[in-house]
Amino acid sequence: MEIIIVDGAEEGARVVADRFEQVLRETGGKATLGLATGSSPVAAYRELIRRHREEGLSFAGTRAFLLDEYVGLAPEAPQSYHRFIRENLTRDIDIDDAAISSPRGEAADPVAEAARYDASIREAGGVDLQILGIGSDGHIGFNEPTSSLSSRTRVKTLTPQTVEDNARFFDSPDDVPRHVLTQGIGTILEARAIVLTASGENKARAVAEMVEGPISARWPATALQLHPRVVVVLDPAAASQLELADYYRYVQDNKRGPVA
Ligand code: GLP
């Protein structure tokens, strides 16, 4: 893992947006992007929108897959992740609406929908760059603690903690769906590159486990240690429980070139 500890949200957004620019360059503008919802990536999405408007960064040849969706919510529902990504990124860049895929939360058969969605990512040739946040319990996507580290897209039950964490997006905690469709950890690990961003004290324990803890389904993000191309972008609060933080800063200060 490459650990980048930034001063604050603006610098973090630039570092993440640079990764998107890099993958667009590497793929000749034809990247398949893996998009995440939640508050963590929003600053980076704003920076991408700015680069699109002011610097001509184009997403016209890209396509995108979302990580997850609430079971029971149609794409146009106010709290659906499909709508979130449209309102926070895709309506303000030049990506075709038809090129954005997400699990269909309102599918009559969510189990079949999960399998269909997983297969559709593979059929598209896989994800070139996946952006991730991390839950306070170490989840990625909606892969809650004790998720299989080789899981595929499937239906999961949220922990009470995640329901509480996400209640801010709903009128009341009772409105938060208890079930979700999420790419599995095995699915996520097939992305060719991953950038994970986290900020704030309440992510510090999960970040420390992810970077320095033993690989364990207890902290699902630890599976990212198995991936050869992961960049982790942290603000000082999210990095505050890292034992080797000084080493990560030293590595960045002495960087010789692209580091995996
Ligand atoms: C949500 C999403 C994740 C996200 C995480 C953290 O439940 N399913 O993709 O990374 O929880 O959310 P936030 O960035 O709002 O802290």
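Above this text is the structure in question.
We now turn to the structure provided with this report. Just so it is clear, the model here is predicted, and its values are computed rather than measured.

### Overview of empty space enclosed by the protein
Applying the stated criterion to the full structure yields one cavity of 30 Å³ or more. When its volume is computed, the largest cavity comes out at roughly 30 Å³. Lining the largest cavity, in full, are His-82, Ile-85, Arg-86, Thr-90, Asp-97 and Ile-100. For the lining of the largest cavity, the leading source of residues is helix α3 (residues 81-88), giving three residues.

### Looking at the sheet that holds strand β3 (residues 63-66)
Pairing is parallel in the open sheet, where seven strands are placed in the order β1-β10-β9-β6-β2-β3-β5. On the outer flanks of this sheet lie β1 (2-5) and β5 (100-101), each paired with one strand and no other. Of the pairings in the sheet, the one linking strand β9 (residues 194-198) to strand β10 (residues 230-234) comprises five bridges and is parallel in character. If you follow Val-195 over to β10, its bridge partner there is Val-231.

### A look at the side chain of Asp-118
If you trace the backbone, Asp-118 turns up in helix α4 (residues 110-123). Looking at Asp-118, the relative accessible area reads 7%, which means it is buried. A distance of 2.9 Å separates the side chain of Asp-118 from the side chain of Arg-152, its partner in a polar contact. In contact with Asp-118, not counting residues within four places along its chain, are Arg-152, Thr-153 and Thr-187.

### Some words on unusual backbone geometry
With a phi angle near 75°, Thr-146 is a residue other than glycine that sits in the positive phi range. Tracing the backbone shows Thr-146 in the loop between β6 (129-132) and β7 (154-157).

### Some details on the packing of aromatic side chains
Throughout the structure, instances matching the rule amount to eight aromatic pairs. Ring geometry for Tyr-70 and Phe-170: centres 5.4 Å apart, planes at 85°, overall edge-to-face. Of the two residues, Tyr-70 is situated in strand β4 (residues 68-70) and Phe-170 in the loop between α5 (160-166) and β8 (179-182); the sequence distance between them amounts to 100 residues. Here the two residues Tyr-70 and Phe-170 agree in accessibility, since each one is buried. Of the aromatic side chains, those joined through ring pairs into one cluster are Tyr-70, Tyr-81, Phe-142 and Phe-170. Between the NZ or CZ atom of Arg-218 and the centre of the ring of Trp-219, over which it lies, the distance is 5.1 Å.

### Let's talk about the environment of Thr-222
With respect to the helices, strands and loops of the structure, Thr-222 is situated in the loop between α7 (204-212) and β10. A relative accessible area of 0% places Thr-222 in the buried class. Taking the C-alpha atoms as reference points, Thr-222 and Arg-19, separated by 203 residues in sequence, lie 21 Å from one another. Not counting chain neighbours up to four residues away, the residues in contact with Thr-222 comprise Glu-209, Met-210, Pro-214, Ile-215 and Ser-216. Within the local environment of Thr-222, its side chain forms a polar contact with the backbone oxygen of Trp-219, the two atoms lying 2.7 Å apart.

### With respect to the site of the ligand
Inspection of the region around the ligand gives 13 residues, with Ser-39, Ser-40, Phe-142, Arg-168 and Lys-203 positioned closest. Contact distances for the ligand include 2.5 Å between an oxygen atom and a side-chain N or O atom of Ser-40. Asp-68 has a polar side-chain atom sitting 2.9 Å from a nitrogen atom of the ligand. Protein chains shield 94% of the accessible area of the ligand, which is 390 Å² for the free molecule. Judged by the fraction of its atoms near the pocket grid, the ligand is located in the largest pocket. Broken down by class, the residue content of the shell around the ligand amounts to three nonpolar, seven polar and three charged.

Thresholds applied
- Residues numbered from 1 in each chain as written.
- Predicted model: local features only at pLDDT ≥ 70, side-chain atom pairs only at ≥ 80, totals over all residues.
- Heavy atoms only, no water.
- 1 Å grid on protein atoms, 1.4 Å probe; cavity = no way out; pocket = protein on both sides within 12 Å on 5 of 7 lines; lining within 4 Å.
- Points joined across faces, edges and corners; volume = space filled by probe spheres on them.
- Helix = DSSP H or I, 4+ residues; strand = E, 2+ residues; numbered from the N terminus.
- Pairing = 2+ DSSP bridges.
- Buried < 20%, exposed > 50% of the residue type's maximum accessible area, 1.4 Å probe, protein only.
- Polar contact = N/O pair within 3.5 Å; in protein donor to acceptor, adjacent residues only side chain to side chain.
- Contact = heavy atoms within 4.5 Å.
- Phe/Tyr/Trp six-rings, centres within 6.5 Å; stacked < 30°, edge-to-face > 60°.
- Lys NZ or Arg CZ within 6 Å of the ring centre and 35° of its normal.
- Near = heavy atom within 4 Å.
- Areas by Shrake-Rupley, 256 points an atom, 1.4 Å probe, with all protein chains shown as cover.
- Sits in = over half its atoms within 2 Å of the grid points.
- Nonpolar A, V, L, I, M, F, W, Y, C, P; charged D, E, K, R; others polar.

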